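Residue strings, one per chain:
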Amino acid sequence: MSGTAAREALEGAQTAIAAAGCETPRLDAEILLAHVLGVSREQLVTDTSLRVQGPAVRAYQNAVRRRAVEREPVAYITGRRAFRNLELAVDRRALVPRPETELLVEAGLSLPPGAAVLDVCTGSGAVALALKQERDDLEVWGSDISEPALDLARENGARLGIEVRWLHADLLDGIPDDFDAVLANPPYVADSERPSLAPEIVRHEPAGALFAGPEGLAVIAPLARGLGARERVATAAIEVGEGQAETVSRLLRDAGFGATSFLVDLGGIKRVVIGRKGRG
């Protein structure tokens, strides 16, 4: 029998990925091999007859090299990422959607029926598409300053058959006051944190979607001011970095959002700040 048993291929890949300092070497090795073989991760465990042979040998070696040597994110190698109930296409045009960003969708799920929602800094379209998929009654739009990211979002919407409208805009500039709620996952990483970030992030993900000045607030602060000037916007939800929640809460209160609250991620971090005006 030609080729290598899947179990043996996994062990070799796990060793290489672990030696590179990646945090989840077994998971990474399994996802990459399942992708190369076109099977599920469960099949890798249950089907002892699976072998890596023919073109799959070179393909798996290349995938493992990209992960271990180049430290490329697994999602960019496979070209997809799960986000809530969706499987999104992902590439370097936008950030890899994170589990904590699902909290923005949670914030949107509590909106009243028929509300008009804008997802600012939509990137791959993850939040806008997931919200529309789970709350079809909402009128959902997504915007981004990056045309390449918007192209990716449009592609995801078309492939998934989810009706979201897309706008090219720098935050709220040029966007009409037609929305009841604004959700945002803006850049919020302080420039000084760059040396401490994983190579996967610094080498491969778009810097413009990550870094936001010395305190990480160079985008959030003007966004909060802009939201305050929008009479119709009654609810705002903004994803923030560790330690930023209280400051962003104050920015939203100063902008006229009288009530603020937080959604906490699995790491115990106040990850999403929600501001509400008195009428909603």
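Structure's up top.
All values reported here derive from a predicted model rather than from experimental measurement.

Can you tell me about the overall build of the protein chain, naming the residues and giving the values?
The secondary structure content of the protein chain amounts to 11 helices and 11 strands. For 280 residues, the compact-globule formula gives about 19 Å, and the C-alpha radius of gyration of the protein chain, at 21 Å, lands near that figure. Overall size of the protein chain, expressed as C-alpha extent along the three principal axes, is 70 × 40 × 30 Å. In the protein chain, which comprises 280 residues, the share counted as buried stands at 49%. As presented, the protein chain carries roughly 12,900 Å² of accessible surface, and 51% of it is formed by carbon and sulfur atoms.

I'd like a description of the pattern of salt bridges, backed by residues and values.
For side chains of opposite charge, pairing can occur when their charged atoms come near one another. The final tally for this structure, using the stated rule, is 20 salt bridges. For Asp 136, the salt bridge identified is with Lys 132, shortest N-O distance 3.6 Å. Judged by relative accessible area, Lys 132 falls into the buried class, the value being 11%. Among the ionic pairs, Arg 135 bridges to Asp 137, the shortest N-O distance being 2.7 Å. Taking relative accessible area as the criterion, Arg 135 reaches 14% and is therefore assigned buried. The structure contains a network of salt bridges with shared partners spanning Asp 28, Arg 67, Arg 71 and Glu 200.

Before we move on, could you go through the sheet that holds strand β5 (residues 116–120) and cite the residues and values that matter?
Taken together, the 7 strands give an open sheet; going across it, the order is β7-β6-β5-β8-β9-β11-β10, and neighbouring strands pair in mixed fashion. Two strands close off the open sheet at either side, each with one partner strand: β7 (165–168) and β10 (259–264). Averaged over all neighbouring strand pairs, the angle between strand axes comes to 20 degrees, with direction disregarded. Contacting β5, β6 (139–144), β7 and β8 (181–184), helix α7 (residues 126–134) runs over the sheet at an angle of about 175 degrees to β6.

Go over the packing of helix α1 (residues 6–19) against helix α2 (residues 25–37) with me, naming the residues and quoting the values.
Running from N to C, α1 and α2 cross one another at 130 degrees; their axes reach a closest spacing of 8 Å. The angle between α1 and α2 places the two elements in the oblique class. When the axes of α1 and α2 are compared, the crossing they make is right-handed. Between α1 and α2, the contacting residues are Ala 6, Leu 10, Glu 11, Ala 13, Gln 14, Ile 17 and Ala 18 on the first element and Pro 25, Arg 26, Asp 28, Ala 29, Glu 30, Leu 32 and Leu 33 on the second. Its residues assigned to classes, the contact of α1 with α2 shows 9 nonpolar, 1 polar and 4 charged.

Give me the pairing of β6: which residues, what numbers.
Within β6, 5 of the 6 residues are buried, which leaves the element mostly enclosed by the surrounding structure. Note that β5 and β6 share 5 bridges and pair parallel. Note that in β6 the partner of Ala 116 across the bridge is Glu 139. Since β5 and β6 lie parallel, the crossover through α7 that links them has a hand, and here it is right-handed. Bridge count for β6 against β7 is 4 bridges, and the pairing is parallel. Counted as the bridge partner of Trp 141 is Arg 165 from β7.

Outline the environment of Thr 78, listing residues and values.
Mapped onto the fold, Thr 78 is located in helix α5 (residues 74–78). The spacing of Thr 78 and Ala 89 is 11 residues in sequence and 9.0 Å in space, taken between C-alpha atoms. Those residues within four positions of Thr 78 in sequence are excluded, and the remaining contacts are Ile 31, Leu 32 and His 35. Within the structure, Thr 78 has its side chain in polar contact with the backbone oxygen of Ala 75 (distance 3.4 Å).

Requested: an account of the nonpolar core, with residues and values cited.
Core analysis: the biggest nonpolar cluster contains 34 residues, and Leu 118, Leu 227, Ile 238 and Leu 252 have the highest contact counts within it. Looking at this core, the elements with two or more residues in it are β5, β8, α10 (220–228), β9 (235–239) and α11 (245–254). No other element matches α10, which puts 4 residues into this core. If sequence neighbours within four positions are ignored, Ile 238 has contacts with Leu 104, Ala 184, Pro 186, Ile 220, Leu 223, Leu 227, Val 248, Leu 252, Arg 271, Val 272 and Val 273.

Basis of the calculations
Residues numbered from 1 in each chain as written. Predicted model: local features only at pLDDT ≥ 70, side-chain atom pairs only at ≥ 80, totals over all residues. Heavy atoms only, no water. Helix = DSSP H or I, 4+ residues; strand = E, 2+ residues; numbered from the N terminus. Rg over C-alpha atoms; globule rule 2.2 N^0.38 Å. Buried < 20%, exposed > 50% of the residue type's maximum accessible area, 1.4 Å probe, protein only. Areas by Shrake-Rupley, 256 points an atom, 1.4 Å probe, with all protein chains shown as cover. Salt bridge = Lys/Arg side-chain N within 4 Å of Asp/Glu carboxyl O. Pairing = 2+ DSSP bridges. Axes fitted to C-alpha atoms, helices over the stretch in contact; angles between N-to-C directions. Contact = heavy atoms within 4.5 Å. Parallel < 35°, antiparallel > 145°, perpendicular 65-115°, else oblique. Left-handed = near helix turned anticlockwise from the far one by under 90°. Nonpolar A, V, L, I, M, F, W, Y, C, P; charged D, E, K, R; others polar. Right-handed = clockwise from strand over helix to strand, strands pointing away. Polar contact = N/O pair within 3.5 Å; in protein donor to acceptor, adjacent residues only side chain to side chain. Core = buried A, V, L, I, M, F, W, Y, C linked by side-chain atoms within 4.5 Å.

Keep in mind these values describe shape, not function.
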